[in-house]
Amino acid sequence: MRRAYVLHHFWQAYESVPVGVAIGYASEQPQVEIADCADGFFAGQEPYPAAPAHRTWRGRELPFFFAPHPEQPLLELLPGNRARINFDLFAAAFYLLSGWQEFFSDERDRHGRFPYAASVQQRYGFVAVPVVNHYFDILKTAVEHAAGQPLTPRCWVDGAPFATFITHDIDELHSAWKAPAKAALHQRNWLRFGQHIWRHFTQPDAWNNLEIVQKIIHGYGARSTFFLLPEHQKAANGTPNADYIFSTIYRRSAELLKNGAELAVHGSIGTSTNPQKLRKQCAQLPGKVLGNRFHYLYWEPRTTPFVLAETGIAYDSTLGFAEHFGFRHSYCLPFQPFNFLAGKPFDFLEIPLNVMDATLHHPNYLQLGPEEILPALTPMFQEIERFGGVCTLLWHNDHFDPANETTGPRQFAELMQYLRSRNTAFVNGADICATMRHLSS
Ligand SMILES: [Zn+2]
């Protein structure tokens with residue numbers, strides 16, 4: 001079943017699929033033979049396998065799990081349309097793509113999330129490299145040799161080499177004044193404090209900007225997805241949910257929808273373990289809701305995928321590390337999370353989250369200067385482009401406040417200009433679901 005899971009995603013990653021190339025372990029004498037090196041690892045419940053070997057593929061040094069034969073080449077192209085891969089590609093790709101480490105590790109942070117610090121991506125330094133796509137590149141080379149025909153990565157709309165999924169989690173609409181007012185209070189600057197309070201009561205809040213955000217996105221010839229949070233009450237542990245009451249913006253959100261935005265649910269604290277609650281929140285939004293992203297990127301690997309399946313969500317886009325941009329499952333295409341109880345993929349699609357504004361500059365996360373953001377992200381964008389993947393970007397509405405000079409509208413503009421210059425296709429969750437469904441059928 002590990003092999004079926006890996007091959008399902010491998011075939012999905014390419015446009016034209018040659019029929020009849022057998023890929024398997026050596027004992028089956030297939031055309032493309034894969035070394036069997038997992039050595040009972042998956043029969044146990046250890047979160048981490050042996051350290052990966054560092055090997056070079058197409059000039060890049062990459063980590064290879066389940067690769068105990070450094071004396072052998074990674075790939076041998078043999079006569080008679082046969083090929084041999086000398087590491088356990090099924091095991092290595094399955095380990096990363098299934099999220100095995102999170103399912104079997106007990107490590108959680110103060111928000112109940114699997115921490116980046118506990119991940120193999122952090123330990124071996126490959127969070128910004130979609131290693132599974134590189135493994136697939138080796139398998140692709142083997143399959144092309146066996147089939148005698150090339151495989152091409154998927155194309156997006158109008159032949160675009162990769163896709164970009166722009167998203168906004170809407171947590172706060174009324175709180176732009178709070179931090180500067182608090183700062184003035186601390187400095188005992190009563191005049192400034194008074195000005196902030198006066199402005200708060202007489203002028204619209206700078207974060208109450210949904211229509212402005214939509215206009216900015218349209219300015220790039222793009223469209224985007226708004227993840228709306230229909231819960232105003234704080235969670236039992238004091239974690240805040242929305243600072244607005246959803247019913248007060250229902251008409252405005254319907255208008256965004258009418259003007260081409262996609263609306264999705266931003267499941268509040270507690271919904272990631274409660275399908276009834278999540279379903280109720282979906283029902284509050286106008287239109288049919290296909291997608292979800294959990295507030296605080298909350299995700300409990302042992303329950304949350306089951307909640308999404310039970311809710312009937314078509315796609316989720318929660319899985320990224322809050323602490324670092326990159327690839328939490330080491331994969332740059334949407335994928336179907338693995339159901340560890342049933343031994344098969346879930347039906348819903350995970351569109352991995354690659355980068356969130358707050359990750360780039362935050363006391364708990366990275367501390368990039370405004371001019372360091374695009375250079376830091378460019379290698380990750382290049383990886384996604386190379387493999388025809390989806391680049392998922394989260395820019396909260398409050399980060400479109402012109403007063404934000406670290407991760408604000410100017411930095412967003414730089415990223416958009418770069419992505420547009422690479423001829424990306426701007427897509428939303430519904431587009432991605434339609435494309436991937438088309439591929440599986
Ligand atoms: Zn949120």
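If you're wondering where the values come from, they're calculated on a predicted model, not measured in any experiment.

A. Layout of the overall build of the chain. Counting its secondary structure elements, the chain contains 15 helices and 17 strands. Dimensions of the chain, computed from C-alpha atoms along their principal axes, come out at roughly 80 × 45 × 40 Å. By residue count, 58% of the 441 residues in the chain fall in the buried class. For the chain, the exposed area adds up to about 18600 Å²; of that, 53% sits on carbon and sulfur atoms. Distance from the positive charge centre (37 side chains) to the negative charge centre (42 side chains) of the chain: 5 Å.

B. Here's a closer look at the sheet that holds strand β2 (residues 32-34). Taken in spatial order, the four strands make up an open sheet running β1-β2-β6-β5, and their pairing is mixed. Two strands lie at the open edges of the sheet, namely β1 (23-25) and β5 (75-78), each paired on one side alone. Ignoring strand direction, the axes of neighbouring strands in this sheet form an average angle of 20 degrees. Summarising the sheet, β1 and β2 pair through three bridges and their orientation is parallel. Across the sheet, the residue bridging to Tyr25 is Ile34, located in β2. Those strands touched by helix α5 (residues 131-147) are β1, β2, β5 and β6 (82-85), and its axis lies near 5 degrees from that of β5.

C. Up close: the coordination of the zinc ion. For the zinc ion, the protein coordination sphere consists of Asp171 (OD), Asp171 (OD), His266 (NE2) and His295 (ND1), at 2.1 to 2.7 Å. In this structure, the zinc ion is surrounded by four donor atoms whose angles at the metal cover 51 to 128 degrees, and the resulting shape is irregular. One chain supplies every donor for the zinc ion, spaced along it as D-x94-H-x28-H. Taken together, the residues span a long stretch of sequence, with Asp171 in the loop between β7 (163-170) and α6 (178-186) and His266 in the loop between β9 (262-265) and α10 (275-284) at a distance of 95 residues. Both residues of the pair, Asp171 and His266, count as buried.

D. The pairing of strand β3 (residues 53-57), seen in detail. As paired strands, β3 and strand β4 (residues 60-64) are joined by five bridges and run antiparallel to one another. Bridging from a neighbouring strand, Trp57 pairs with Arg60 of β4. Two successive antiparallel strands, β3 and β4, enclose a turn made up of two residues, where Arg58 displays a positive phi of approximately 50 degrees.

E. The domain arrangement of the chain, seen in detail. Partitioning the chain into domains gives domain 1 (2-147) and domain 2 (157-173 + 208-440). Using C-alpha coordinates to define each centre, domain 1 is positioned 27 Å away from domain 2. In this assembly, 39 residues from domain 1 lie in contact with 36 residues from domain 2. Buried area between domain 1 and domain 2, both sides added, is near 3500 Å², and the carbon and sulfur share of it is 55%. Of all residues in domain 1, the largest losses of buried area upon contact with domain 2 belong to Gln12, Phe103 and Arg113, amounting jointly to 20% of the total for that side. At the junction of domain 1 with domain 2, the criterion picks out five salt bridges. The tally of links between domain 1 and domain 2 comes to 22 residue pairs in polar contact (both at pLDDT 80 or more). Looking at the side of domain 1 that touches domain 2 element by element, the count peaks at six residues for α5. Residue composition of the side of domain 1 that touches domain 2, by class: 19 nonpolar, twelve polar and eight charged.

F. Molecular detail of the environment of Ile170. Along the chain, Ile170 turns up in strand β7. By relative accessible area, Ile170 is classed as buried at 0%. The spacing of Ile170 and His295 is 125 residues in sequence and 9.3 Å in space, taken between C-alpha atoms.

G. The arrangement of the nonpolar core in detail. Among the nonpolar cores identified, the biggest contains 70 residues, and Ile85, Phe87, Tyr135 and Leu139 are the most heavily contacted of them. Among the domains, domain 1 (2-147) and domain 2 (157-173 + 208-440) are the pair contributing at least three residues each to this core. When neighbours within four sequence positions are excluded, Ile85 is seen to be in contact with Val32, Glu33, Ile34, Ala35, Leu74, Leu75, Ile138, Leu139 and Ala142.

H. Looking closely at the environment of Gly320. Summarising the element assignment, Gly320 is placed in the loop between β11 (315-316) and β12 (338-339). By relative accessible area, which is 3% here, Gly320 ends up buried. When the C-alpha positions of Gly320 and Asn354 are compared, they lie 5.8 Å apart, and in sequence the two are 34 residues distant.

I. Geometry of the packing of aromatic side chains. Under the counting rule described, the total for this entry stands at 39 aromatic pairs. Relative to Phe66, the ring of Phe41 has its centre 5.5 Å away and its plane inclined at 65 degrees; by these criteria the two rings are edge-to-face. Highlighted residues: Phe41 in the loop between β2 and β3 and Phe66 in the loop between β4 and β5, separated in sequence by 25 residues. Both rings, one in Phe41 and one in Trp100, keep their centres 5.6 Å apart while their planes meet at 40 degrees; by these two values the pair is tilted. Linking Phe41 in the loop between β2 and β3 with Trp100 in helix α3 (residues 100-104), this pair joins segments that are 59 residues apart in sequence. Trp100 carries the same exposure label as Phe41, and that label is buried. It is Arg123 that lies over the ring of Tyr48; its NZ or CZ is 4.5 Å from the centre. The aromatic ring of Phe227 is capped on one face by Arg293, whose charged end is 4.6 Å from the ring centroid.

Criteria and thresholds
Residues numbered from 1 in each chain as written. Predicted model: local features only at pLDDT ≥ 70, side-chain atom pairs only at ≥ 80, totals over all residues. Heavy atoms only, no water. Helix = DSSP H or I, 4+ residues; strand = E, 2+ residues; numbered from the N terminus. Buried < 20%, exposed > 50% of the residue type's maximum accessible area, 1.4 Å probe, protein only. Areas by Shrake-Rupley, 256 points an atom, 1.4 Å probe, with all protein chains shown as cover. Lys, Arg positive; Asp, Glu negative; His and termini not counted. Charge placed at Lys NZ, Arg CZ, Asp CG, Glu CD. Pairing = 2+ DSSP bridges. Axes fitted to C-alpha atoms, helices over the stretch in contact; angles between N-to-C directions. Contact = heavy atoms within 4.5 Å. Donors = N, O, S within 2.8 Å, 3.2 Å for Na, K, Ca; no water. Tetrahedral: all angles 85-135°; square planar, octahedral: opposite > 155°, others 65-115°. Domains from an automatic or database assignment. Buried area = accessible area lost by both parts, 1.4 Å probe. Salt bridge = Lys/Arg side-chain N within 4 Å of Asp/Glu carboxyl O. Polar contact = N/O pair within 3.5 Å; in protein donor to acceptor, adjacent residues only side chain to side chain. Nonpolar A, V, L, I, M, F, W, Y, C, P; charged D, E, K, R; others polar. Core = buried A, V, L, I, M, F, W, Y, C linked by side-chain atoms within 4.5 Å. Phe/Tyr/Trp six-rings, centres within 6.5 Å; stacked < 30°, edge-to-face > 60°. Lys NZ or Arg CZ within 6 Å of the ring centre and 35° of its normal.

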